[in-house]
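# Descriptive analysis of the structure
These are the residues of each chain, in order.
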Amino acid sequence: MKTKTSPVGKPAKQCGYTYVTALVAIALVMIAAATGAELTSSAAWREREQELLFRGQAMQRAIQRYYEAGPPGAKYYPRSLEDLLSDPRYPNRHYLRTLYFDPLGGGAWTLLRAPDGGIAGVASASASAPRKKAHFPPGLEHLAEARSYAEWEFKYVRPSIPVGTLRNSHNANGGGATAITTQ
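So, here is what we can say about the structure in this document.

Parameters and conventions
Going along each chain's sequence as written, the residues are numbered from 1 onward. Since the coordinates come from a predicted model, pLDDT governs what is reported: local features require at least 70, and pairs of side-chain atoms require 80 or more to be given and counted, while whole-chain, interface and lining totals use all residues. Hydrogen atoms and water are omitted, and side-chain values are computed over all heavy atoms in the structure. Throughout, nonpolar core names a set of buried Ala, Val, Leu, Ile, Met, Phe, Trp, Tyr and Cys residues whose side chains join them through atoms within 4.5 Å. When accessible area is computed with a 1.4 Å probe and restricted to protein chains, residues below 20% of their type maximum are described as buried, those above 50% as exposed, and intermediate ones as partly exposed. Numbered from the N terminus, helices here are DSSP runs of H or I no shorter than four residues, and strands are runs of E no shorter than two. By definition in these notes, contact holds between two residues if any of their heavy atoms fall within 4.5 Å. The convention is simple: Lys and Arg are positive, Asp and Glu are negative, and His and the chain ends are not counted. Salt bridge, as applied in this entry: a Lys or Arg side-chain nitrogen positioned within 4 Å of an Asp or Glu carboxyl oxygen. Any two strands between which DSSP finds at least two bridges are classified as paired. Helix axes are fitted to C-alpha atoms over the stretch in contact, other axes to C-alpha atoms as well, and angles between N-to-C directions run from 0 to 180 degrees.

## Comments concerning the nonpolar core
If you look at the biggest cluster of nonpolar residues, it comprises 28 residues, and the most contacted ones within it are L84, W152 and F154. Secondary-structure elements contributing two or more residues to this core are α1 (17–69) and β2 (119–123). If near-sequence neighbours (up to four positions away) are discounted, F154 is found in contact with L52, L53, G56, Q57, Q60, L112, A120, G121, V122, L140 and L143.

So, in structure tokens, the structure goes:
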């Protein structure tokens, strides 16, 4: 049997260390790449959650402003999301510059209907479980218990005056009278 020699004529050792080292290096690079991809994916998901919160709140505020802009006694919710772009009741009144799409639900919002048939709010169409579980903006603390993004509802509920509320009024003689108001 003939032994291999190095370029200088001495016998070469055949232990295979270079091959094992290369395999270990490739494995470490693969692990680092997978970890980096996972971190990037998590960061992107957090950004989409933040965008959902921003857009949902913007839609909720626009619906509220639309409702409150109605004349006393004739307030109603928008009939379509396009009404938020251009209020059919008033020329040149806009509540949103553009209609936002649902960043997690594929584009279209789930519309939350008001008792009058209008749109009281929006919710994500995504059935995925939320990663964010705490530290919600004021008024949205209820989202912490949601099991899916579809339960992240951004809804305007008009304030109601309870039936039988007392209201004090004063007559011309300075005397007070109490009236019971009903809704």
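## Points about the side chain of E49
Secondary-structure assignment places E49 in helix α1. Salt bridges are absent for the buried E49, whose nearest opposite-charge side chain, R131, sits at 6.0 Å. Filtering out sequence-adjacent residues up to four positions away, E49 remains in contact with L104, P130, R131, K132, Y149 and W152.

## Quick notes on the sheet that holds β2
An order of β1-β2-β3 is seen for the three strands of this open sheet, with the pairing classed as antiparallel. Edge positions in the sheet fall to β1 (110–113) and β3 (153–155), since each of these pairs with one other strand and no more. Averaged over neighbouring strand pairs, the angle between their axes works out to 25 degrees when direction is ignored. Direction of pairing for β2 relative to β3: antiparallel, over a ladder of three bridges. Residue pairing in the sheet places A123 in a bridge with E153 of β3.

## Re the pattern of salt bridges
Tallying each qualifying case throughout the model produces five salt bridges. Measuring nitrogen to oxygen at the nearest pair gives 2.8 Å for the salt bridge that ties R55 to E51. Taken together, the residues span about one helical turn, with R55 and E51 both in helix α1 at a distance of four residues. Residue classification places E51 among the partly exposed positions, given a relative accessible area of 28%.

## Concerning the pairing of β2
Residues in a regular strand point their side chains to alternate faces of the sheet. Taken across its five residues, β2 has five buried, putting it largely inside the fold. Sheet analysis places β1 next to β2, joined by four bridges and oriented antiparallel. Residue pairing across strands places L111 opposite V122, the latter belonging to β2. Linking β1 back to β2 in an antiparallel pair, the connection comprises five residues, with G117 at a positive phi of about 95 degrees.

## Some remarks on unusual backbone geometry
In most cases, non-glycine residues show a negative phi, while peptide bonds are predominantly trans. Non-glycine residue N92 carries a positive phi angle of around 65 degrees. Inspection of the secondary structure assignment puts N92 in the loop between α1 and β1. The phi torsion at H135 lies on the positive side, around 60 degrees, for a residue other than glycine. Its place among the elements puts H135 in the loop between β2 and β3.

Read these as geometric descriptors, not functional statements.
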